[in-house]
Amino acid sequence: METKILKTDGQATDVNIIKEAAQVIREGGLVAFPTETVYGLGADACNLEASRKIYAAKGRPSDNPLIVHIACFADLERIALEVPGQARALADAFWPGPLTMIVKKNAAVPSETTGGLETVAVRMPDHPVALMLIRESGCLIAAPSANISGRPSPTIAAHVAADLEGRIPVILDGGEVGIGIESTIVDLTEETPSILRPGAVTEAMIASVIGAVQTDPGLLSEDSANRPKAPGMKYRHYAPEAELIVVDGSKEAVIQRINALAYELKAQGKRVGILCTDETSAAYRGNVIRSIGSRVDEEAIARHLYRVLREFDEAKTDVIYSESFAASGIGQAVMNRLLKAAGHRVLWA
Ligand code: TXA
Ligand code: MG
């Protein structure tokens, strides 16, 4: 299949291009499109054949449910069995934006879209192209991140093309995304709401709107007693091809340890990547050294993470050592993705 790459400006002023993509969605086809978090791979959420195409294109396990993207709050009522008061309050505070809510689904949503679950994940993205695509298609759009399953999520259209060119008909190129890490997921179907995946909307921000909220215990540890509740969080994920190891400790100790490890591996003929920050990059000796930004700018670190992980692959590294990041604010989401990409391999310097 030939993949058409349609350039659109981030403000969606070129309506005809978006109409062309919307037509593909209406006809049951796939369109990759930008959102404020990462690029999504969209299809009509209420068309089970269209949903199946998403799983096939990504190589995604069929028990891993999709997020349904909507353009107005009334769309939620079209697919939810009931709309909890907490959903209304959270939507007022954070929609459109990087927050996905899990609610009970109604019959309009086929089980192909929800991986067989009776609940559905819903989000209103804060991106003019995404919102116009949903409106122009007249559909609700099921969309996982637009990467091959297990690879880092795409933050520019070229990442989508690298993974999916030839496998999908259309990529809408709307430039680089703003946040760079997938949405926060909050489950509203249990007594106490719980966060199944951390993101730019933090636990504290959610608690300030609805009070009590917990974080899924399966996210914090890797032991088998606590399986993550979002099916997608149990897979090794967001991962570059090279082996990734996070090194934690004081700044000086981390630099020393990583340089020693890199020296050893280089002597064995391995290509070593080092993922660091502006503050430390000059201190490292590896084959491929990449800063993901300054430690004082957590948002930039989130925005650059996936691009830098892909760059290590392009540079054909065998092993990547990474610094560790603060686990507060959006840093918690960064660490969650980094540890998953590393398969939870952490060394103490
Ligand atoms: O920012 C985002 O959320 C991006 C953009 C494109 O919107 N989408 C995204 O989708 O990250 P995906 O498919 O890569 O991640 C969806 C996650 C998976 O971990 C999945 O298991 C979980 O959401 N999920 C979806 N529906 C669920 C449900 N009903 N119950 C529990 N977890 C669910
Ligand atoms: Mg994904």
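Above: the structure in question.
All of the points below concern the structure found in this document. (Residues numbered from 1 in each chain as written. Chains lettered and ligands numbered in written order. Predicted model: local features only at pLDDT ≥ 70, side-chain atom pairs only at ≥ 80, totals over all residues. Heavy atoms only, no water.)

A look at the sheet that holds strand 16 (residues 346-348)
Line of reasoning, step 1. Strand order in the open sheet made by the five strands is 14-13-15-12-16, with parallel pairing throughout. Looking at which strands have only one partner, the edges of the open sheet turn out to be strand 14 (288-291) and strand 16. Strand-to-strand twist in this sheet, taken as the mean axis angle between neighbours without regard to direction, amounts to 25°.
Line of reasoning, step 2. Note that strand 12 (residues 243-248) and strand 15 (residues 319-322) share four bridges and pair parallel. (Pairing = 2+ DSSP bridges. Helix = DSSP H or I, 4+ residues; strand = E, 2+ residues; numbered from the N terminus. Axes fitted to C-alpha atoms, helices over the stretch in contact; angles between N-to-C directions.)

What about the sheet that holds strand 5 (residues 99-104)?
Line of reasoning, step 1. Reading across the sheet, the 11 strands line up as 1-8-2-3-7-4-6-5-9-10-11 and stay open at both edges, with mixed pairing between neighbours. The open sheet terminates on both sides in strands that have one partner only, identified here as strand 1 (4-7) and strand 11 (214-215).
Line of reasoning, step 2. Pairing geometry for strand 4 (residues 67-69) and strand 6 (residues 119-123), over three bridges, is parallel. When the bridges of strand 6 are listed, V68 appears paired with V122.
Line of reasoning, step 3. Along the sheet, helix 6 (residues 157-164) makes contact with strand 1, strand 2 (31-33), strand 3 (40-44) and strand 8 (170-173), crossing strand 8 at roughly 165°. (Contact = heavy atoms within 4.5 Å.)

Digging into the pairing of strand 3
Line of reasoning, step 1. Taking burial as the measure, the five residues of strand 3 include five buried ones, the bulk of the element.
Line of reasoning, step 2. Here strand 2 runs beside strand 3; their pairing, made up of three bridges, is antiparallel. From the neighbouring strand, V31 faces strand 3, where its bridge partner is G42.
Line of reasoning, step 3. In this sheet, strand 7 (residues 141-142) lies alongside strand 3 in antiparallel orientation, the contact comprising two bridges. When the bridges of strand 7 are listed, D44 appears paired with I141. (Buried < 20%, exposed > 50% of the residue type's maximum accessible area, 1.4 Å probe, protein only.)

Brief notes about the pattern of salt bridges
Line of reasoning, step 1. Counted by the stated rule, this structure contains 18 salt bridges.
Line of reasoning, step 2. Residue E36 pairs with R123 through a salt bridge whose shortest N-O separation is 2.9 Å. Of the two residues, E36 is situated in the loop between strand 2 and strand 3 and R123 in strand 6; the sequence distance between them amounts to 87 residues. For the residue pair E36 and R123, the accessibility class agrees, reading buried in each case.
Line of reasoning, step 3. Between E49 and R52 there is a salt bridge, with its nearest N and O atoms 3.2 Å apart. Highlighted residues: E49 and R52, both in helix 2 (residues 48-58), separated by three residues, approximately one helical turn.
Line of reasoning, step 4. On the basis of relative accessible area, E49 is assigned to the partly exposed category, the value being 46%. (Salt bridge = Lys/Arg side-chain N within 4 Å of Asp/Glu carboxyl O.)

Any link to function would need more than the numbers given here.
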